[in-house]
Amino acid sequence: SKFVVGLTGGIGSGKTTVANLFAEEGICLVDADVVAREVVAPGSHGLNAIIRHFGTEMLTASGELDRAKLRQRVFNDEQERQWLNQLLHPMIRQEMLLQVEKATSDYVIMVVPLLFENGLDRLVHRTLVVDISPELQVSRTVKRDNVDATQVNNIINSQCSRSEKLARADDIIDNHGEISRLKREVHALHQRYLQLSGNHNA
Ligand code: ATP
């Protein structure tokens, strides 16, 4: 099986930025957010099951899943939320592993925002946490999404804490500095992962 590095970090920490730098090194990415959309694409088993269960009011006019509506529907309903997670989580997991096996690079970066929260660290050989302070998480996310700081703070507080992420990380990438520094950090990690994947496949 392929050597997999799970890349995680809180909201606005720089996961996408770091993942793209690994892609520049020639490494294939598997992105949990992308897969989560694929398993509910029009015509998918996932979307069909959701429609059978919640009705066609969960569809937009163009026949896609109305994610906001579904989120609202399960928000205050623990049982329905569980039903949905039990449907989607195994599908997402299976599709991510399928994409890992199809990947052509020496190792794969799996980008998973809630890697520890959802227990997906069990699927990877090594974890890499992008670390920044909560203050920087807020300022970069506010700037990127044009949302208010309270909203970002609420999301930060709903995620696994910075100290817990750091304690569970095999590797940590510091993203307080400039992109040029990040690039050098990624390059060094890439060399290390090539070595580890070589041992893994030997
Ligand atoms: P989310 O989980 O919210 O999707 P993310 O972890 O993928 O976020 P990014 O989108 O990569 O984070 O980064 C958040 C914002 O901060 C982006 O606008 C990005 O361009 C910017 N950013 C990332 N790293 C740096 C850096 N070192 N210096 C300045 N800006 C940065």
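Fair warning: this is a prediction, and the values are worked out from it, not measured in the lab.

Enquirer: Quick rundown of the overall build of the chain? Include the residues and the values.
Expert: Scanning the chain from N- to C-terminus turns up 9 helices and 5 strands. Mapped from its N terminus to its C terminus, the chain presents α and β elements in the order β-α-β-α-α-α-α-β-β-α-α-α-β-α. Its C-alpha atoms give the chain principal-axis dimensions of roughly 50 × 45 × 30 Å. Within the structure as shown, the chain displays about 11000 Å² of accessible surface, and the carbon and sulfur contribution to it stands at 49%. The chain carries 23 positive and 26 negative side-chain charges, and their two centres are separated by 0 Å.

Enquirer: Go over the domain arrangement of the chain, please, and point to the residues and values.
Expert: Size of an interface, as often reported, equals the accessible area lost when the parts are brought together. Under the domain assignment, the chain is made up of domain 1 (3-27 + 105-201) and domain 2 (39-93). The centre of domain 1, based on its C-alpha atoms, is set 28 Å off from the matching centre of domain 2.

Enquirer: Break down the packing of helix α3 (residues 45-54) against helix α5 (residues 78-102) for me, with residues and values.
Expert: It is the contact of α3 with α5, at a shortest axis distance of 10 Å, that shows an interaxial angle of 165°. With respect to α5, the element α3 is oriented roughly antiparallel. Where α3 crosses over α5, the two elements pack in a sense that is right-handed. Residues His45, Gly46, Ala49, Ile50, His53 and Phe54 of α3 form the contact with α5, whose participating residues are Glu80, Trp83, Leu84, Leu87, Leu88 and Met91. Considered class by class, the residues forming the contact of α3 with α5 number 8 nonpolar, 3 polar and 1 charged.

Enquirer: Go over unusual backbone geometry, please, and point to the residues and values.
Expert: With phi around 60°, asparagine 146 is a residue other than glycine that occupies positive phi space. As for its position among the elements, asparagine 146 is in the loop between α6 (134-145) and α7 (149-158).

Enquirer: If you had to explain the pattern of salt bridges to someone new, which residues and values would you point to?
Expert: By the definition in use, this model includes 10 salt bridges. The salt bridge involving arginine 73 is made with glutamate 80; its shortest N-O contact spans 3.4 Å. Exposure remark for arginine 73: the relative accessible area of 35% places this residue in the partly exposed category. We note a salt bridge from aspartate 145 to arginine 144, for which the minimum N-O separation is 2.9 Å. Residue arginine 144 is classed as exposed on the basis of its relative accessible area of 55%. Beyond isolated ion pairs, a larger network of salt bridges with shared partners links Arg73, Asp77 and Glu80.

Enquirer: Which residues make up the packing of helix α1 (residues 15-24) against helix α9 (residues 179-201), and what are the values?
Expert: One can describe the packing of α1 onto α9 by two numbers: an axis separation of 10 Å at closest approach and a directional angle of 55°. With respect to their mutual orientation, α1 and α9 come out oblique. Read as a crossing pair, α1 and α9 show a hand that is right-handed. Mapping the contact onto sequence places Thr17, Val18, Leu21, Phe22 and Glu24 in α1 and Ile179, Leu182, Lys183, Val186, Leu189, His190 and Tyr193 in α9. Partitioning the contact of α1 with α9 into residue classes produces 8 nonpolar, 2 polar and 2 charged.

Enquirer: Before we move on, could you go through the site of the ligand and cite the residues and values that matter?
Expert: Close to the ligand lie 13 residues; Lys15, Thr16, Thr17, Arg144 and Asn175 are nearest. In this structure, serine 13 approaches the ligand through a main-chain N or O atom, which is 3.3 Å from an oxygen atom. Between glycine 177 and the ligand, the recorded distance is 2.9 Å, taken from a backbone N or O atom to a nitrogen atom. Across the complex, the protein chains shield 73% of the 640 Å² of accessible surface that the ligand would expose by itself. Broken down by element, the residue count for the shell around the ligand peaks at 3 residues, all from α1.

The rules behind each value
Residues numbered from 1 in each chain as written. Predicted model: local features only at pLDDT ≥ 70, side-chain atom pairs only at ≥ 80, totals over all residues. Heavy atoms only, no water. Helix = DSSP H or I, 4+ residues; strand = E, 2+ residues; numbered from the N terminus. Areas by Shrake-Rupley, 256 points an atom, 1.4 Å probe, with all protein chains shown as cover. Lys, Arg positive; Asp, Glu negative; His and termini not counted. Charge placed at Lys NZ, Arg CZ, Asp CG, Glu CD. Domains from an automatic or database assignment. Axes fitted to C-alpha atoms, helices over the stretch in contact; angles between N-to-C directions. Parallel < 35°, antiparallel > 145°, perpendicular 65-115°, else oblique. Left-handed = near helix turned anticlockwise from the far one by under 90°. Contact = heavy atoms within 4.5 Å. Nonpolar A, V, L, I, M, F, W, Y, C, P; charged D, E, K, R; others polar. Salt bridge = Lys/Arg side-chain N within 4 Å of Asp/Glu carboxyl O. Buried < 20%, exposed > 50% of the residue type's maximum accessible area, 1.4 Å probe, protein only. Near = heavy atom within 4 Å. Polar contact = N/O pair within 3.5 Å; in protein donor to acceptor, adjacent residues only side chain to side chain.

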